[in-house]
Amino acid sequence: MAKLLSCVLGPRLYKIYRERDSERAPASVPETPTAVTAPHSSSWDTYYQPRALEKHADSILALASVFWSISYYSSPFAFFYLYRKGYLSLSKVVPFSHYAGTLLLLLAGVACLRGIGRWTNPQYRQFITILEATHRNQSSENKRQLANYNFDFRSWPVDFHWEEPSSRKESRGGPSRRGVALLRPEPLHRGTADTLLNRVKKLPCQITSYLVAHTLGRRMLYPGSVYLLQKALMPVLLQGQARLVEECNGRRAKLLACDGNEIDTMFVDRRGTAEPQGQKLVICCEGNAGFYEVGCVSTPLEAGYSVLGWNHPGFAGSTGVPFPQNEANAMDVVVQFAIYRLGFQPQDIIIYAWSIGGFTATWAAMSYPDVSAVILDASFDDLVPLALKVMPDSWRGLVTRTVRQHLNLNNAEQLCRYQGPVLLIRRTKDEIITTTVPEDIMSNRGNDLLLKLLQHRYPRVMAEEGLQVVRQWLEASSQLEEASIYSRWEVEEDWCLSVLRSYQAEHGPDFPWSVGEDMSADGRRQLALFLARKHLHNFEATHCTPLPAQNFQMPWHL
């Protein structure tokens, strides 16, 4: 009876990964049925085959879940319609509650039938036995056996806790349960006295901003967190996860962040290969509709690096919602996991981000200054200009206030706090982070990210002459035009390198540098073009085109 109850309450099982016959170890979990044998084929991956009762019951519950999600998103309109029609009176609501209760009882009965179907399936009984054994004892053998299954990640045991590193327990400066530290935006109206009257006046605007951010804003900014989209992408995500496990020997893990969110991760270890780049770990930060199963992790994988991918809060197996604070909390536990559980030194970690993943990447670079390098692909400097682009002009004040208070992705500000090597990859046909049209390459917000970084690190070089010539270089829409501007100013790379190395040897590596202070205008132009070319590479593609492995290069450094 206990096993039947476990089958009723157990998670949905999607796939079973079977080891090849030559690699299979004897099972050590008690009560495991001996009638289940691995398929005799070259592949060690198979879809779980539910019995008819479980299959049909699962379909009914999945359909009910979709209807509930649709009802949730459309509930404001439904309530407004019912109110206008007079259906919200007590005489109408009571019969409706009876119907709802009956429906819930029917769904509970369907769930029990699904549990009976699972109980009659030896494959599911074997799985639930291994899962329960792992929850009781997270031994390496139990975890190894559990890794052969792909199931609802909510039931996966926690592998790493944010407080696990001993340094976190001893230090008072680490993150609290409220979250890690973020850079806070400056007040919109500086110098205004924060009196009670002013607070009351601001209250309606603050309430409106909060409602916009937590309803429409968050879902527009992170569409990957919408349940219906995840449901539609489920087959693709399962295939992508199977590829990482089968072909790359990926290891899945659940991390518990300081805010209580559970973060879904996948680690591919290449340290045992002959390729030297396998000793480096690339932590990948996905876009606003990206998942590690089908996202940018493929680029460093093809390049031979060890890779750690993770999903945003609210994406696939990760819980929570993707607000900036939750994003930073998730990134913090991912980096901690890489250092204290996977055994990588910060100097061997590279942060790689695509699109909106630039926020967590720059936060990690700011908070963990010893990481080796940062690579930002198709990213931007600040969210406000991009938000204003897609919203009505009359909403300008509301949009700016909402972004600054609740969705403040200040990538450039965070990146300027990092002292290490940085590479920006600009998509020349980017249709997402341009503020006009994709053909207008100067409206690409990656340009602003580069300019803010260079102006912070080399303020004397990026004075009027340097800034002007870099803008001209950024206007180039082809490699031929770039080379033409570069040669017009007769940039001598050896001279630029010698100037920078001499300054570094005399003053040290910490930015900002005062190099260029006593330099001629032509010298500043040459140095500005040299630095711009070293920090930004163009890729002739649209926003969502996968980055080829040959374009994944380490940033330049002296």
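This one's a predicted model, so the numbers in the text were calculated from it and none came from an experiment.

Participant: For this particular structure, what's the right way to read the pairing of strand β6 (residues 262-268)?
Facilitator: Residues in a regular strand project their side chains so that they alternate between the two faces of the sheet. For β6, a buried count of six out of seven residues is recorded, marking the element as mostly surrounded by other parts of the structure. Note: strand β5 (residues 251-256) against β6, six bridges, orientation antiparallel. From the neighbouring strand, Arg 252 faces β6, where its bridge partner is Met 266. Here β5 folds back onto β6, and the loop between the two strands holds five residues, one of which, Gly 260, carries a positive phi near 90 degrees. The pairing of β6 with strand β8 (residues 306-310) spans four bridges and is classified as antiparallel.

Participant: So what exactly am I meant to see when it comes to the sheet that holds strand β4 (residues 160-161) here?
Facilitator: Pairing between the strands of a sheet comes from backbone hydrogen bonds, and it takes one of two forms, parallel or antiparallel. Spatially, β4-β5-β6-β8-β7-β9-β10-β11-β12 is the arrangement adopted by the nine strands of the open sheet, whose pairing is mixed. Two strands close off the open sheet at either side, each with one partner strand: β4 and β12 (536-539). Looking at chain direction, strand β11 (residues 422-427) and β12 are connected through four bridges and run parallel. Residue pairing in the sheet places Arg 426 in a bridge with Asn 538 of β12. With respect to the sheet, helix α8 (residues 227-248) is in contact with β5 and β6, its orientation differing from that of β6 by roughly 35 degrees. Each of β11 and β12 touches helix α19 (residues 521-535); the most contacted strand, β12, lies at about 55 degrees to it.

Participant: Can you help me understand the UniProt feature "domain: AB hydrolase-1" (unreviewed entry) in the chain in this one?
Facilitator: Per the UniProt entry, the sites bearing "domain: AB hydrolase-1" (unreviewed entry) are residues 281-407 in this numbering. In the segment residues 281-407, helix accounts for 39% and strand for 17%; the C-alpha atoms at its two ends are 29 Å apart.

Participant: How should the environment of Asn 551 be read in this particular structure?
Facilitator: Within the element layout of this structure, Asn 551 appears in the segment after β12. By relative accessible area, which is 24% here, Asn 551 ends up partly exposed. Between the alpha carbons of Asn 551 and Pro 300 there is a distance of 9.9 Å; along the sequence they are 251 residues apart. The residues contacting Asn 551, other than those within four sequence positions of it, are Ile 425 and Phe 539.

The rules behind each value
Residues numbered from 1 in each chain as written. Predicted model: local features only at pLDDT ≥ 70, side-chain atom pairs only at ≥ 80, totals over all residues. Heavy atoms only, no water. Buried < 20%, exposed > 50% of the residue type's maximum accessible area, 1.4 Å probe, protein only. Helix = DSSP H or I, 4+ residues; strand = E, 2+ residues; numbered from the N terminus. Pairing = 2+ DSSP bridges. Contact = heavy atoms within 4.5 Å. Axes fitted to C-alpha atoms, helices over the stretch in contact; angles between N-to-C directions. UniProt positions renumbered as here; feature names shortened; annotations may be inferred.

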